[in-house]
Amino acid sequence: MKPGHRRHLADFCLCMLVVTIISFCIILPPISANETTGLVLVTDLTGVVGISMENYVSKVLATAKEQNAALIVFELDTPGGLVSSMRAITNSIMDSPVPVLVWVSPRGARAASAGAFIVQSASIASMSPGTNIGAAHPVQASGGDVPDEEMNKKITNDLAAQMRSLAQMHGRNSETCSKMVTESISLTAEEAKEDGVIDLLESDLSTLLKKVNGMNIKVAGKERDFSLEGYEISRIEMTPREKILQFISNPTVAYLLLMVGIYAIIFEVLSPGGFVMGVSGAVMVLLGAYGLRMLPVNAAGIILLVAGIAVMVLDLLVGGIGILSLFGMAAMIFGSLIVFKAPGGELLNVSMNVILGAVVAVSIFFLLAIAFILKTLRKKASSGQEGLVGNTAIVLENLSPEGLVKCHGEIWRAKSVSGAVIEKGETTRIVKTEGLLLFVEPVETEINKKGVAMK
């Protein structure tokens, strides 16, 4: 190619490049300073940390990724929960490509036990004034320490190491965070900010989002400067189904549903009719069982609960003096204490007051209801053939020894108990019945037996 041709080709390519750049500049609209450049998803995390909350967090994180959100804000208020669910939630937050801000809010909220780990796993940790964080020592379902000293030490050290790791990853005070596990310390929002346990202290969401702009944070293991110049807030709410699952996954609710449901079924069996108690009891047991499925259930605890109820019913049916009922109540209380097992040191505490209140209140109701039922069953029959026994009947034709009598306006076939003839018109008393045959005796005969003179 000649040099002149090469020069013309180069000029042509340069012109085409300039035209292309100018075209893009004309086609693409300018970005104004006030235009939204990011989506902020905000949602509540309230209640026990369990499988229901774990699934909901995964759903929100997936939604944020699909919508290319700039930030996720979890408003946290929890008393704690399961170690397994806590680990799953913290892992999901740390792996999220979308930055996560965990905000303990509103005033009066807490990030206790497993909640403290969730706060430390976030790219940005914040609390509202009037909230608290900590008390993350592993406990059993009854609220006490793990009985085996060596196992308790292993679990505590493992969780303390996890807490330090989370805090160190985000440049927070790992020593104080570790003491939440080893010494069960709990901090106010102001103390947490002063000790470097959290990043921000703020009660207003808008102000909080302004403060996070320009922060250096770690997202999915990588540091980055976070920019949130213009943003749009979108609030995500739990669906009715998710709210119900979160509600019944509360160990207290699941426990009460199970207890009351079992009692309702027993009432239906002892006093059948209408199936209202039986159907409602079955529904409550199923809901309670579903809630328990979301929690670490101890089979021994369930067996003790059922055995305790069975012993109390047996004591009433055999006419006991209440000794068996005391053993039944003891079995129910002990079963309630161990119904939620704690493998791996679940940070779950079922209120002892709830357990005692539920057992005592429902047991008293159960005893009164069963006593009323048994009293009704022991009452003398007032209808049917059994209700005729003890009533009087007028002889319509001579009983020799069989004949007809009239009782309550009805004519019955009757037979003299002694075999003696009873004359027409005499008054007799019905002694017993066999099928449609009444056995009677003269009223005077019974009175004479009692030694009462006839006038």
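Residues numbered from 1 in each chain as written. Predicted model: local features only at pLDDT ≥ 70, side-chain atom pairs only at ≥ 80, totals over all residues. Heavy atoms only, no water.

**Points about empty space enclosed by the protein**
The condition is simple: Here a cavity is any set of points on a 1 Å grid over the protein atoms alone where a 1.4 Å probe fits but cannot get out, and a pocket is any open set with protein on both sides within 12 Å along at least 5 of 7 lines; a residue lines the site when it has an atom within 4 Å of a point. Grid points are joined across faces, edges and corners, and a volume is the space filled by probe spheres set on the points. Numbering of helices and strands runs from the N terminus, with a helix taken as a DSSP run of H or I at least four residues long and a strand as a DSSP run of E at least two residues long. Each residue is assigned to one of three groups, with Ala, Val, Leu, Ile, Met, Phe, Trp, Tyr, Cys and Pro labelled nonpolar, Asp, Glu, Lys and Arg labelled charged, and all others, Gly among them, labelled polar.
Counted under the stated rule, the structure contains one cavity of 30 Å³ or more. Reported here for the largest cavity is a volume of approximately 50 Å³. For the lining of the largest cavity, the secondary structure elements donating two or more residues are α3 (83-95) and β9 (216-219). Residues belonging to the lining of the largest cavity are distributed by class as follows: five nonpolar, four polar and one charged.

**Quick word on the sheet that holds strand β8 (residues 200-201)**
Using the following cut-off: When DSSP finds at least two bridges between two strands, those strands are taken to pair.
Read from one edge of the open sheet, six strands run β8-β5-β3-β2-β1-β11, paired in parallel fashion. Two strands close off the open sheet at either side, each with one partner strand: β8 and β11 (232-236). In the sheet, strand β5 (residues 124-127) pairs with β8 via two bridges, with the strands oriented parallel. Each bridged residue has a counterpart across the sheet, and for Ser126 the counterpart in β8 is Leu200.

**Considerations on the sheet that holds strand β16 (residues 437-442)**
This is how it is decided: In this analysis an axis means a line fitted to C-alpha atoms, helices contributing only their contacting stretch, and an angle means the value between N-to-C directions, from 0 to 180 degrees.
What the five strands build is a closed barrel, ordered β12-β13-β14-β16-β15; its pairing is mixed. Each strand of the sheet is rotated relative to its neighbour by a mean of 55°, with strand direction disregarded. Of the strand pairs in this sheet, strand β14 (residues 410-416) and β16 are connected by four bridges, and their pairing is parallel. When the bridges of β16 are listed, Lys415 appears paired with Phe439.

**Some points on the side chain of Ser105**
We count it as follows: In what follows, a contact means two residues having at least one pair of non-hydrogen atoms within 4.5 Å.
You can see Ser105 is positioned in the loop between β3 (100-104) and β4 (110-112). Setting aside residues no more than four positions away along its own chain, Ser105 makes contact with Glu75, Leu76, Asp77 and Ser128.

**As for a nonpolar patch on the surface**
Note the threshold: A residue counts toward a patch only above 30% relative accessible area and without a salt bridge, and it is joined to like-charged neighbours within 9 Å or, for Val, Leu, Ile, Met, Phe, Trp and Tyr, to nonpolar neighbours within 5 Å. Computed by Shrake-Rupley with a 1.4 Å probe, the accessible areas treat only the displayed protein chains as cover when residues are assessed. We define a salt bridge as a side-chain nitrogen of Lys or Arg found within 4 Å of a carboxyl oxygen belonging to Asp or Glu.
Where nonpolar side chains cluster on the molecular surface, the patch consists of Val279, Val283 and Leu287 and spans about 230 Å² of accessible area. For Val279, the position within the fold is in helix α11 (residues 276-293).

**Things to note about the nonpolar core**
Defined as follows: Side-chain atoms within 4.5 Å are what join buried Ala, Val, Leu, Ile, Met, Phe, Trp, Tyr and Cys residues into a set we call a nonpolar core. When a residue's accessible area, from a 1.4 Å probe over protein chains only, is under 20% of the maximum for its type it is buried; when over 50% it is exposed; and in between it is partly exposed.
Among the nonpolar cores identified, the biggest contains 50 residues, and Phe74, Val119 and Ile133 are the most heavily contacted of them. Within the second largest apolar cluster, 18 residues are counted, among which are Val40, Leu200, Val212 and Ile217.

**Considering the confidence of the model for the chain**
What counts, and what does not: For every residue, the predictor reports its confidence as pLDDT, a number between 0 and 100.
The share of residues in the chain with pLDDT of 70 or more is 69%, and the mean pLDDT across the chain is 77. Counting contacts from residues 21-37, a segment whose pLDDT is below 50, to residues more than four positions away or on other chains yields six contacts. This stretch, residues 445-455, has a pLDDT under 50; its non-local contacts, to residues over four places away or in other chains, come to six contacts.

**Considering the packing of aromatic side chains**
Using the following cut-off: Note on aromatic pairs: the rings of Phe, Tyr and Trp (six-membered ring only in Trp) are paired at centre separations within 6.5 Å, and the planes decide the class, stacked below 30 degrees, edge-to-face beyond 60, tilted for the rest. A positively charged side chain is recorded as over a ring if its NZ (Lys) or CZ (Arg) lies within 6 Å of the ring centre. The angle to the ring normal must also be within 35 degrees.
The full count for this structure, using the stated rule, is zero aromatic pairs. Looking at Lys432, its charged tip hangs above the ring of Phe439, at a distance of 4.8 Å from the centre.

**Quick word on the pairing of strand β15 (residues 427-434)**
Two elements, strand β12 (residues 392-395) and β15, share three bridges in a ladder whose sense is antiparallel. From the neighbouring strand, Thr392 faces β15, where its bridge partner is Arg429. Strand direction decides the pairing type here: β15 and β16, joined by six bridges, are antiparallel. Residue pairing for β16: Arg429 is matched across the bridge by Glu441. The antiparallel hairpin formed by β15 and β16 contains two residues in its connecting segment, where Gly435 sits at a positive phi of about 65°.

**Observations regarding the pairing of β14**
As paired strands, strand β13 (residues 402-407) and β14 are joined by six bridges and run antiparallel to one another. Of the residues in β14, the one forming a bridge with Val405 is Trp412. As consecutive antiparallel partners, β13 and β14 are separated by two residues, and within that stretch His408 has a phi angle of approximately 55°, a positive value.

**Thoughts on helix α6 (residues 174-182)**
One turn of an α-helix holds 3.6 residues; hence residues three or four places apart share an orientation. Here is the rule we go by: In the analysis that follows, any N or O atom pair within 3.5 Å is treated as a polar contact, provided that within protein one partner can donate a hydrogen and the other can accept it, and provided that, for residues neighboring in sequence, both atoms belong to side chains.
All buried positions along α6 are accounted for by Ser174, Thr176, Cys177, Ser178, Met180 and Val181. In this structure, the buried residues of α6 make contact with α4 (114-121), β6 (132-134), α5 (149-169) and β7 (186-188). The opening residue of α6, the one whose side-chain oxygen lies 3.2 Å from the backbone nitrogen of Glu175, is Asn173. Backbone geometry just downstream of α6 places Ser184 in the positive-phi region, at approximately 55°.

**Section: the packing of helix α2 (residues 51-66) against helix α9 (residues 240-248)**
Packed helices, taken two at a time, are described by the angle between their axes plus the distance between the axes. One way to put it is that α2 packs onto α9 with a least axis distance of 9 Å and a crossing angle of 145°. Residue-level inspection shows Ser52, Met53, Tyr56 and Lys59 of α2 in contact with α9, the latter providing Glu242, Leu245 and Gln246. Residues that form the contact of α2 with α9 fall into these classes: three nonpolar, two polar and two charged.

**Thoughts on the packing of α5 against α6**
Condition: Should an angle fall under 35 degrees it is taken as roughly parallel, and over 145 as roughly antiparallel, whereas 65 to 115 is taken as roughly perpendicular and any remaining angle as oblique. In a left-handed crossing the near helix is turned counterclockwise from the far helix by less than a right angle, and in a right-handed crossing that turn is clockwise.
At a minimum axis distance of 8 Å, the contact between α5 and α6 shows a crossing angle of 155°. The angle between the axes of α5 and α6 places the two elements in the roughly antiparallel class. Remark: the crossing between α5 and α6 carries right-handed chirality. Contact with α5, carried on its side by Thr156, Leu159, Ala160, Met163, Arg164, Ala167 and Gln168, involves Ser174, Cys177, Ser178, Met180, Val181 and Thr182 of α6 and no other residues of that element. Residues belonging to the contact of α5 with α6 are distributed by class as follows: seven nonpolar, five polar and one charged.

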